[in-house]
Amino acid sequence: MDGGACINDSLGDDELRAVLLKLEHDKDKEVFGLVCKRWLHLQSTERRKVCARAGPHKLQRLAARFTRLHELDLSQSVSRSFYPGFTDSDLSFIAAALSSLRILNLQNCKGITDIGMTAIGSGLSSLQSLDVSYCRKLTDKGLSSVAQGCPNLRVLHLAGCKFVTDALLRSLSKNCNNIEELGFQGCSKLTDSGITVLVAGCQSLKHLDINKCINIGDVAVTSVAKACSSSLRTLKLLDCYKVGDESVLSLAKYCENLETLVIGGCRDISDGAIKSLASCHGSLKNLRMDWCLNVTDTSLDCIFSVCTELEVLDVGCCEEVTDAAFLGLGNGDFKLSLKILRVSNCPMITVLGISKLLKSCESLEYLDVRSCPHITIARCEQAGLQFPERCKVNFVGGLAEPDVLR
């Protein structure tokens, strides 16, 4: 209205920032910046997270506009990546211009090398999380520079970085004692001795992914279980074929807070070890043990009886499992929390076993029965099976698997 007070004359920057901070949704914050140039500037300086996909030439403008960034996502998707994408010179610019950065995602940035990592180690001392998964040119040299220069590092993901060796683990153990999450999937040069050195200095680990680290065995897992007994929540050991009963028994003995365990492909693990794990970890939530060929009904019966909080279970390709594993279910008021179950390629399970399961699993959301010859759509209908309303049943492979099973 004519003669009315302008809000920009009445409110200072601090008051406008207070208004901006009250907005809960990102869309509302974007609208705030559309009011005028002043509001846009305030919105930009208060922004903490940016995702950039348009290419490296915009980094300079990005840094000038968003001066107080805490999180920068430069990752590329595998299907839509461009080469070389972000380069070492871009990382040098980021290290110099965005010193307050806490989280940096560079996944699938295939052009970066140890030179860029050295720049990050020199310039981003406050960095807490770094993802350089599938940046395949990186070696111990550059990543050790990050470990030495970023002592506050809490999260580090290196999936697919095949040149990484135990030398990096020694550097992390020495310099990053508070690290909580490590992802080493496919880092096949890591060994038991390296993991043992790592956990000697990093005893606050909550999440450790060493899937497909084929030189990791019982010595490493036992070291992790002992050193990180109170902190460890997630351990992933997919296709670590040297892992056996000793590993599972040590986890059962020491890791009282374990919630997620992946031992798929660890073919030497026996029923006895699984029963010990279940007996000691009734609060286990996610258990993947596909291709554990020695697992039988005895293990599953114990799991169903004790692990009432279990939400995800994968026993695919465990060919010894039969309907007997489920016969203890469906009696009385006993209920499971199971949401995702994969029994694909378990040829001795029939509609009878699934019917027992359904009586105790009202919250089931995904059931994989592919390659189970006795479980078909027609047989389920004939038996009058009633699946929970939200449950998706994968009979022939037409459904996408939940991320937790990948």
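First, a word on scope: everything that follows refers to the structure included in this document. (Residues numbered from 1 in each chain as written. Predicted model: local features only at pLDDT ≥ 70, side-chain atom pairs only at ≥ 80, totals over all residues. Heavy atoms only, no water.)

Comments concerning the overall build of the protein chain
Helix and strand counts for the protein chain come out as 16 helices and 14 strands. Across the 406 residues of the protein chain, 50% fall into the buried class. A separation threshold of at least 6 residues defines the contact pool for the protein chain, and within that pool the share at least 24 residues apart is 77%. Roughly 18700 Å² of accessible area belongs to the protein chain as shown, and the carbon and sulfur atoms make up 50% of that amount. (Helix = DSSP H or I, 4+ residues; strand = E, 2+ residues; numbered from the N terminus. Buried < 20%, exposed > 50% of the residue type's maximum accessible area, 1.4 Å probe, protein only. Contact = heavy atoms within 4.5 Å. Areas by Shrake-Rupley, 256 points an atom, 1.4 Å probe, with all protein chains shown as cover.)

Some thoughts on the packing of aromatic side chains
A full pass over the atoms with the stated rule returns 1 aromatic pair. Note on F304 and F326: the rings are 5.7 Å apart at their centroids and 35 degrees apart in plane angle, and the pair reads as tilted. You can see F304 sitting in helix α14 (residues 297-306) and its partner F326 sitting in the loop between β11 (312-314) and β12 (340-342), a full 22 residues away along the chain. Residues F304 and F326 agree in their burial class; the two are buried. (Phe/Tyr/Trp six-rings, centres within 6.5 Å; stacked < 30°, edge-to-face > 60°.)

A few points about the packing of helix α11 (residues 218-227) against helix α12 (residues 245-254)
Angle between the axes and distance between the axes: these two values describe a pair of packed helices. Two elements in contact, α11 and α12, have axes separated by 8 Å at closest approach and are oriented at 5 degrees. In terms of orientation, α11 lies roughly parallel with respect to α12. Seen from α11, the contacting residues are D218, V221, T222, A225 and K226; seen from α12, they are E246, S247, S250, L251 and Y254. (Axes fitted to C-alpha atoms, helices over the stretch in contact; angles between N-to-C directions. Parallel < 35°, antiparallel > 145°, perpendicular 65-115°, else oblique.)

Observations concerning the nonpolar core
Counting 116 residues, the largest nonpolar core has L106, M117, L172, F184 and M289 as the members making the most contacts within it. In contact with F184, other than residues within four places in its own chain, are L158, L169, L172, L190, L198, L208, D209, I210, N211 and C213. (Core = buried A, V, L, I, M, F, W, Y, C linked by side-chain atoms within 4.5 Å.)

What to know about unusual backbone geometry
Although it is not a glycine, C317 sits at a positive phi angle of roughly 70 degrees. Looking at where C317 falls in the secondary structure, it is placed in the loop between β11 and β12. On the basis of relative accessible area, C317 is assigned to the buried category, the value being 10%.

Thoughts on helix α9 (residues 166-175)
What sets the pattern is the α-helix's 3.6 residues per turn: residues three or four places apart point alike. Looking only at α9, the buried set comprises D166, L168, L169, S171, L172 and S173. Those residues of α9 hidden inside the fold are in contact with α8 (140-149), β5 (155-157), β6 (181-183) and α10 (192-201).

Notes on the state of the cysteines
Here a disulfide denotes one covalent bond, and it connects the sulfur atoms of two cysteines. Counted by the stated rule, this structure contains 0 disulfides. Counting only cysteine sulfurs, C187 is the nearest neighbor of C213, a cysteine outside any disulfide, at a range of 5.5 Å. Cysteine C255 shares no disulfide, and the gap to the nearest cysteine sulfur, in C228, comes to 7.7 Å. Using a relative accessible area of 0% as the deciding quantity, one classes C255 as buried. (Disulfide = S-S within 2.5 Å.)

Comments concerning the environment of N345
Here N345 lies in the loop between β12 and α15 (351-360). Look at N345 and you get partly exposed, because its relative accessible area is 31%. Between the alpha carbons of N345 and R370 there is a distance of 6.4 Å; along the sequence they are 25 residues apart. Residues within four places of N345 in sequence aside, it is in contact with C317, C318, E319, R370, S371 and C372.

Comments concerning the pattern of salt bridges
Pairing of side chains with opposite charge becomes possible as their charged atoms draw close. Scanning the entire structure with this criterion turns up 10 salt bridges. Residue R390 pairs with E365 through a salt bridge whose shortest N-O separation is 3.3 Å. With a gap of 25 residues between them, R390 in the loop between α16 (377-382) and β14 (392-394) and E365 in the loop between α15 and β13 (366-368) connect regions that are remote in the sequence. On the basis of relative accessible area, E365 is assigned to the partly exposed category, the value being 29%. The partner of R370 in a salt bridge is D368, with the nearest N and O atoms 2.7 Å apart. Exposure remark for D368: the relative accessible area of 0% places this residue in the buried category. Several salt bridges share partner residues, and in doing so they unite R288, D290, D314, R342, D368, R370 and E401 into one network. (Salt bridge = Lys/Arg side-chain N within 4 Å of Asp/Glu carboxyl O.)

Structural notes on the packing of α9 against α10
At a minimum axis separation of 8 Å, α9 and α10 run at an interaxial angle of 10 degrees. Considering the angle they form, α9 stands roughly parallel to α10. Within the contact between the two elements, α9 uses D166, L169, R170, L172 and S173 and α10 uses S193, G194, I195, V197, L198, A200 and G201. For the contact of α9 with α10, the residue count by class is 6 nonpolar, 4 polar and 2 charged. (Nonpolar A, V, L, I, M, F, W, Y, C, P; charged D, E, K, R; others polar.)

A closer look at the side chain of T260
Assignment of secondary structure puts T260 in strand β9 (residues 260-262). Its relative accessible area of 14% is what places T260 among the buried residues. Excluding residues that lie within four positions of it along the chain, T260 makes contacts with R233, T234, L235, L284 and N286.

Examining α11
Within α11, 7 of the 10 residues are buried, leaving the element largely enclosed by the surrounding structure. Buried within α11 are the following residues: D218, A220, V221, T222, S223, V224 and A225. Along its buried surface, α11 packs onto α10, β7 (207-209), β8 (234-236) and α12.

Thoughts on the side chain of N105
Tracing the sequence through the fold places N105 in strand β3 (residues 103-105). Within the structure, N105 has its side chain in polar contact with the backbone nitrogen of Q107 (distance 3.0 Å). Apart from residues no more than four positions distant in its own chain, N105 is found in contact with L72, D73, L74, S75 and D131. (Polar contact = N/O pair within 3.5 Å; in protein donor to acceptor, adjacent residues only side chain to side chain.)

Some points on the environment of L153
Positionally, L153 belongs in the loop between α8 and β5. A residue is classified by how much of its surface remains accessible, and L153, at 0% relative accessible area, is buried. Setting aside its immediate chain neighbours within four residues, L153 contacts L127, Q128, S129, L130, V146, C176, N178 and I179.

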